[in-house]
Amino acid sequence: MRVFVFVWLLIPCLVKAQAKKPAGTTSKTASSSANTLKNSITRGHAVYTQYCLTCHQADGSGVPNLNPPLIRTKWTLGSKTVLIEQVLKGSSGKVEIDGETFNNSMPPLASLTDQQIADVLTYVRNNFGNKASIVTPAEVKAVKAKTK
Amino acid sequence: MMMKVVFFFVSIVLFSATDLIAQSQSPDAVKINLPVGFTTEVIGKNLGRARHIAVNSNGDVYIKLDRPRNGKGILRLRDKNRDGKIDDTTSFGDYGGTGIAIKNGYLYASSNSAVYRYKLNNNEPDTEHPETIVSGLLDRGQHNSKSITLDNNGNIYVNIGAPSNACQLQDRATGAPGQDPCPLLDVSGGIWQFKADKTGQKFEDGVRYATGIRNTVGLDWNSATNTLFAMQHGRDGLQDYHFFPDSVSVELPAEEMLEVSKAGDNFGWPYCFYNQFIGKKVLNPEYGGDAKTVGRCEDVKLPVMAFPGHLAPNAILFYTGNQFPEKYRNGAFIAFHGSWNRAPLEQKGFFVAFVPFKNGKPSGNWEMFATGFAGRENVTAPNQAVFRPCGLAQGPDGSLYVTDDAKGYVWKINFTGK
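So, how was this worked out
Residues numbered from 1 in each chain as written. Chains lettered and ligands numbered in written order. Predicted model: local features only at pLDDT ≥ 70, side-chain atom pairs only at ≥ 80, totals over all residues. Heavy atoms only, no water. Helix = DSSP H or I, 4+ residues; strand = E, 2+ residues; numbered from the N terminus. Buried < 20%, exposed > 50% of the residue type's maximum accessible area, 1.4 Å probe, protein only. Contact = heavy atoms within 4.5 Å. Areas by Shrake-Rupley, 256 points an atom, 1.4 Å probe, with all protein chains shown as cover. Pairing = 2+ DSSP bridges. Disulfide = S-S within 2.5 Å. Polar contact = N/O pair within 3.5 Å; in protein donor to acceptor, adjacent residues only side chain to side chain. Axes fitted to C-alpha atoms, helices over the stretch in contact; angles between N-to-C directions. Parallel < 35°, antiparallel > 145°, perpendicular 65-115°, else oblique. Left-handed = near helix turned anticlockwise from the far one by under 90°. Nonpolar A, V, L, I, M, F, W, Y, C, P; charged D, E, K, R; others polar.

Colleague: How do you make sense of the overall build of chain B when you look at a structure like this?
Modeller: The secondary structure content of chain B amounts to 2 helices and 31 strands. A total of 418 residues make up chain B; the buried ones form 59% of that total. Of the contacts made within chain B by residues no fewer than 6 positions apart, 57% connect residues no fewer than 24 positions apart. Accessible area for chain B stands at about 16,500 Å²; split by element, carbon and sulfur atoms hold 49% of it.

Given below as structure tokens:
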């Protein structure tokens with residue numbers, strides 16, 4: 001069942017990622033970008049399991065009052081810059097999502113590589129019922145440079 | 001067109017997938033399991049986040065809501081026509097919070113930073129004239145519940161949880177060193193004593209009655225021993241230090257039943273945690289510990305009973321009624337909210353336990369009393385649990401009340417012998 005959901009989930013993302021590719025970038029075949037996304041999600045899953053799962057939970061549903069959910073929230077589906085900054089800087093307390101408050105602190109995960117951050121965010125944005133564009137290491141690098 | 005069809009199917013599959021996560025079982029289908037002879041009855045449902053509960057001598061039930069509903073944070077449930085069913089519910093108090101208690105003709109309730117009380121005139125709370133007993137208590141979000149209990153000598157005890165995991169320089173960052181001394185202990189990480197009948201007290205007017213307690217939600221005065229009992233929520237994230245295999249790590253540290261036998265008792269947080277496998281308070285890794293070394297923790301007070309890690313004991317109640325069989329008298333019921341910090345293993349808790357007492361000491365190990373609140377086996381995330389037990393109270397007839405802050409259910413448990 002889970003595999004089934006996962007496969008269905010991937011299809012529109014792949015199509016979307018491909019369709020959204022801005023003109024002028026180096027051209028890639030559909031299969032290689034599919035491969036890229038699949039690999040990124042696989043690697044992202046491993047990063048998630050090691051660094052994120054304990055608090056945000058195996059199903060991304062978070063913990064009431066403490067740790068925010070990752071399922072279809074404005075954070076997970078919204079600005080990639082905000083998401084990248086959240087991973088780099090962490091936060092302490094009182095995050096509000098849809099009228100719910102979450103009070104736990106999140107430690108910064110700035111020691112992760114650009115690739116790891118890109119992978120885990122791509123995983124989160126394409127799992128738990130989410131469907132959003134991938135995050136690239138270049139985007140992580142750009143945010144890092146800006147926030148330094 | 002093809003694309004639209006695919007998207008349509010994806011949406012359907014996604015919705016059913018997430019619905020599976022959120023709606024594992026319908027609340028009314030969940031069966032609460034009790035020892036032989038006990039029965040349970042739902043007396044309230046969908047009430048909001050029902051935290052602690054108190055029952056007056058006339059049977060009126062008061063529940064503190066974590067956040068106000070329609071602007072009101074305290075519920076009063078009454079069986080007006082005495083047919084055994086709640087038929088009259090009102091609400092008052094414009095603040096959310098956890099603590100609620102009844103003592104000497106007053107109803108006491110807490111927000112996350114203050115304690116108020118209402119005079120009970122012929123069992124009717126004077127909701128128009130709340131008195132502020134204490135205000136200005138630390139609330140930084142994390143561990144901000146202010147549980148309350150009263151002794152028989154005019155004092156009220158208020159927990160002030162530490163807004164931290166182990167007082168690290170960087171909260172919850174694995175490997176971050178602990179602050180030494182921990183400045184949070186001056187304003188939190190313990191239980192403070194205030195006068196129960198004096199209005200306008202500030203934090204500074206309180207006495208630090210017990211210290212070195214990371215966070216407590218379950219708090220009760222034991223009139224048999226004339227001492228304060230507190231249930232400590234132990235620290236998170238010890239498993240990230242990999243001292244033991246995961247199966248052992250997730251059980252550490254123990255959730256502790258603490259007895260404060262004299263003012264100033266110190267239970268060791270953030271420097272120490274209780275390793276129940278060796279029966280010792282040992283140094284936390286943030287303070288140079290390896291989960292075995294005792295060091296400065298030698299003089300720290302030990303718990304009177306240890307429970308598996310992270311189960312989140314949110315209420316403790318010493319049973320003084322006559323309705324339940326002899327073995328339950330003067331023993332302690334404990335409501336476990338259920339864990340979230342036990343990955344990669346499944347989450348546990350979501351039950352009410354019992355600890356028998358004799359001559360003021362536990363006379364046996366803890367045992368399950370009411371189970372099945374999660375509504376399923378193998379809970380891997382707390383949101384999968386249908387109910388999460390949070391509050392306990394004893395009725396004038398010796399019945400036991402249990403609240404749930406996930407769906408807002410309240411149960412009344414009776415012993416019928418059948």
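Further notes follow.
Colleague: Where do I start with the pairing of strand β15 (residues 207-211) of chain B in this structure?
Modeller: Consecutive residues of a regular strand have side chains that alternate between opposite faces of the sheet. Here strand β13 (residues 190-195) of chain B runs beside β15 of chain B; their pairing, made up of 4 bridges, is antiparallel. Following the sheet pairing, G190 of chain B is matched in β15 of chain B by T211 of chain B.

Colleague: I tried to follow the environment of G44 of chain B on my own but got confused; where do I start?
Modeller: Residues and elements named next belong to chain B. Within the secondary structure layout, G44 lies in strand β1 (residues 38-44). Looking at G44, the relative accessible area reads 9%, which means it is buried. Separated by 365 residues in sequence, G44 and Y409 place their C-alpha atoms 5.4 Å apart. Sequence-distant contacts of G44, defined by excluding residues within four places in its chain, comprise G408, Y409 and V410.

Colleague: What should I look at first to understand the state of the cysteines in this one?
Modeller: Covalently bonding the sulfur atom of one cysteine to the sulfur atom of another cysteine gives a disulfide. Residue and element names in this part refer to chain B. This model, assessed by the stated rule, comprises 2 disulfides over all chains. Between C272 and C297 runs a disulfide, and the two sulfur atoms are separated by 2.1 Å. Judged by the torsion about the S-S bond (-95°), the C272/C297 disulfide is left-handed. Taken as a pair, C272 in strand β20 (residues 272-275) and C297 in the loop between β21 (280-283) and β22 (305-307) lie far apart in primary sequence, 25 residues in all. Overall, the relative accessible area of 5% leaves C272 in the buried class. Assigning the bonded cysteines of chain B consecutive numbers by sequence position, one obtains the connectivity 1-2, 3-4.

Colleague: In this structure, what is going on with the side chain of S339 of chain B? I would like to understand it.
Modeller: All names here are of chain B. In this fold, S339 is placed in the loop between β24 (332-336) and β25 (351-355). Note on S339: relative accessible area 0%, which makes it buried. Side-chain polar atoms of S339 contact the side chain of Q347, separated by 2.6 Å. Setting aside residues up to four positions removed in sequence, S339 forms contacts with H310, L311, Q347, K348, F350, P382 and R388.

Colleague: What am I meant to see in the packing of helix α5 (residues 80-89) of chain A against helix α7 (residues 137-147) of chain A here?
Modeller: Each pair of packed helices can be described by the angle between their axes along with the distance between the axes. All names here are of chain A. In the contact formed by α5 and α7, the axes pass within 10 Å of each other and the chain directions differ by 65°. Viewed along their axes, α5 and α7 adopt a mutual orientation that is roughly perpendicular. Like other packed secondary-structure pairs, α5 and α7 cross with a definite hand, here right-handed. Side by side, α5 and α7 meet where K80, T81, I84, E85, L88 and K89 of the first sit next to E139, V140, V143, K144, K146 and T147 of the second. For the contact of α5 with α7, the per-class residue count stands at 4 nonpolar, 2 polar and 6 charged.

Colleague: What should I look at first to understand the packing of helix α6 (residues 114-125) of chain A against α7 of chain A in this one?
Modeller: Residue and element names in this part refer to chain A. Contact geometry of α6 with α7 gives a least axis separation of 8 Å together with a crossing angle of 115°. Considering the relative orientation of α6 and α7, their crossing is right-handed. Residues D114, Q115, I117 and A118 of α6 form the contact with α7, whose own contacting residues are P137, V140, K141 and K144. Of the residues contributing to the contact of α6 with α7, the split by class is 4 nonpolar, 1 polar and 3 charged.

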